[in-house]
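Residues per chain are reported as follows:
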Amino acid sequence: MAQLFRILLTALGILGMLMLIGGLWLRRLDRVNHSPSEKPRMPESYIEEFFSGENRTHRLEDYLEPEG
């Protein structure tokens, strides 16, 4: 009985260590994937010119294909 208990505790210990190592690895992998990229950003003037709501007037005719 003591032998079975010892084997069970050893198996649980090994499983716990594997889960701990796997969790640490997944946490590191997640942190790498969510880190900010080092790509260059768009210039602020470009963002203001093309993506601000002030410079845009939406007309339905701009989105319709001409009939022909």
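Attention here is on the structure that accompanies the text. Remember, it's a predicted structure, so these values are computed and weren't measured experimentally. Sequence order as written defines residue numbering, which begins from 1 separately in each chain. Predicted model: local features are reported for residues with pLDDT of at least 70 only, side-chain atom pairs are reported and counted for 80 or more only, and whole-chain, interface and lining totals are derived from all residues. Excluded from the side-chain calculations are hydrogens and water; all other atoms, namely the structure's heavy atoms, are used.

### Considering the overall build of the protein
At step 1: The way it works is that DSSP assigns letters per residue, a run of H or I at least four long becomes a helix, a run of E at least two long becomes a strand, and they are numbered from the N terminus. When helices and strands are tallied, the protein shows 2 helices and 0 strands.
At step 2: Only carbon and sulfur atoms are counted for the fraction: they give 62% of the accessible area of the protein, which is about 7300 Å². Per-residue and other accessible areas follow the Shrake-Rupley method at a 1.4 Å probe size, with only the shown protein chains counted as cover for residues.

### Quick notes on a nonpolar patch on the surface
At step 1: Together, Phe 5, Leu 8, Leu 9, Leu 12, Leu 15 and Met 19 make up an exposed nonpolar region whose accessible area comes to about 640 Å².
At step 2: Considering the arrangement of structural elements, one finds Phe 5 in helix 1 (residues 2-33). Within this analysis, patches are made of residues with over 30% relative accessible area and no salt bridge. Like charges are joined at 9 Å or less; nonpolar side chains (Val, Leu, Ile, Met, Phe, Trp, Tyr) at 5 Å or less. A pairing counts as a salt bridge when a side-chain nitrogen of Lys or Arg comes within 4 Å of a carboxyl oxygen of Asp or Glu.

### Remarks on the environment of Phe 51
At step 1: Tracing the sequence through the fold places Phe 51 in helix 2 (residues 44-51).
At step 2: Relative accessible area decides the class of each residue, using a 1.4 Å probe on protein chains only: under 20% of the type maximum gives buried, over 50% gives exposed, and in between gives partly exposed. Overall, Phe 51 belongs to the exposed group, its relative accessible area being 55%.

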